Amino acid sequence: MIIGISILAVAYVSITSATSIFEPEQSINTLKSVHANKQLRIAKVPRKLENSEKKVDISNYSIIYEKCENADTVFGDQGTEGNSTVVSLEPLVKFRLCPSGFDSCDDQEHKMNMDEYLTISVKYKQKEQDNYCMVCEAKCTEGDTSRRHLELQYSQQSNIYCDSCVDDCEKIEEMEDNGYIDAKNFIECLQIVADENPLYAGPVCAGHQGSKIKIGVFIDADCMSLDTSKDVEDYLGDSDGNSFKLSHALLKQTYNKSAPIICEQVDEEDKEVCTNLNDAANRYAKRHPN
């Protein structure tokens, strides 16, 4: 039985690009998240943090996605005698810290668990997308002048043009009508088929040498065993028999190297996006020193 899908207008975070098409958040009715309480895992420390408990100020840095990859993670099997172990594939994201200007980056890749990376970065990118459309509406539609000035103060984005942003934001609002579901709904492992052979959808490394992240179909509730013969869009439908496609527009922003997270331009209330990503990398490095 394919699980039905009901779309609601909810919000996460994304930014525009020359070729991007924005879509709105949707919630997926009856889909069960098996990672809701998943323990967060962690990534690698900049060299200047090694052997030091003092945190580094990265407010003048940018966080640039490098690639994703699957790493073999070995866990001790404490339920049996001897030294037996269980090996599982752990999807990781690598990023670099680059000083403002991008003339040079540190020579070390900082690693963290993909689930945690996507949770943090998608939340931030969705808020950027919301802010973009708020400013677009304030700038490009008639309304109360004081409200327009107030809303414009919330954004540092100066590259908002009415001839493009209005179209972008309309596509966000009309995503369901256009037959699309935002791929960010699957950044945590979600069940999409609930019969005797259940299937799950979740993020997976894709592209050349992990240059992209896409949504794949898995046969296990932890989204570790990928079934490459299946396409997730074959299992997305609602109770009325309507089929849906995935929109990767927002998800793409999390691995778009031309649209890094520029920490010095992040609004004060969102500064934690940079520290959270860096802290996650530090914790992972401490747990995986080699």
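None of the values given here were measured: they were computed from a predicted structure.

Draft legend 1. Structural detail: the sheet that holds strand S7 (residues 212-218). Spatially, S5-S6-S7 is the arrangement adopted by the three strands of the open sheet, whose pairing is antiparallel. If you trace the sheet from one side to the other, it starts and ends with strand S5 (190-193) and S7, each paired once. On average, adjacent strands in this sheet sit at an angle of 45° to one another, irrespective of strand direction. When strand S6 (residues 199-206) meets S7, the two strands line up antiparallel, connected through seven bridges. The residue of S7 that forms the bridge with Tyr200 is Phe218. Sheet contacts for helix H1 (residues 114-140): S6 and S7; angle to S6, the most-contacted strand, approximately 90°.

Draft legend 2. Representation of the pattern of salt bridges within the structure. Taken as a whole and judged by the stated rule, the model has nine salt bridges. Between Arg96 and Glu66 there is a salt bridge, and its shortest N-O distance comes to 3.2 Å. With Arg96 in strand S2 (residues 85-99) and Glu66 in strand S1 (residues 61-76), the pair connects residues that are 30 residues apart, well separated along the chain. Its relative accessible area of 22% is what places Glu66 among the partly exposed residues. Of the charged contacts, one joins Lys171 and Asp167 as a salt bridge, the two residues approaching to 3.1 Å between their closest N and O atoms. Of this pair, Lys171 and Asp167 are both found in helix H3 (residues 162-173), four residues apart, which corresponds to roughly one turn of the helix.

Draft legend 3. Here's a closer look at the nonpolar core. Among the nonpolar cores identified, the biggest contains 44 residues, and Phe186 and Ile192 are the most heavily contacted of them. Of all the elements, H1 adds the most residues to this core, at six residues.

Rules used throughout
- Residues numbered from 1 in each chain as written.
- Predicted model: local features only at pLDDT ≥ 70, side-chain atom pairs only at ≥ 80, totals over all residues.
- Heavy atoms only, no water.
- Pairing = 2+ DSSP bridges.
- Helix = DSSP H or I, 4+ residues; strand = E, 2+ residues; numbered from the N terminus.
- Axes fitted to C-alpha atoms, helices over the stretch in contact; angles between N-to-C directions.
- Contact = heavy atoms within 4.5 Å.
- Salt bridge = Lys/Arg side-chain N within 4 Å of Asp/Glu carboxyl O.
- Buried < 20%, exposed > 50% of the residue type's maximum accessible area, 1.4 Å probe, protein only.
- Core = buried A, V, L, I, M, F, W, Y, C linked by side-chain atoms within 4.5 Å.

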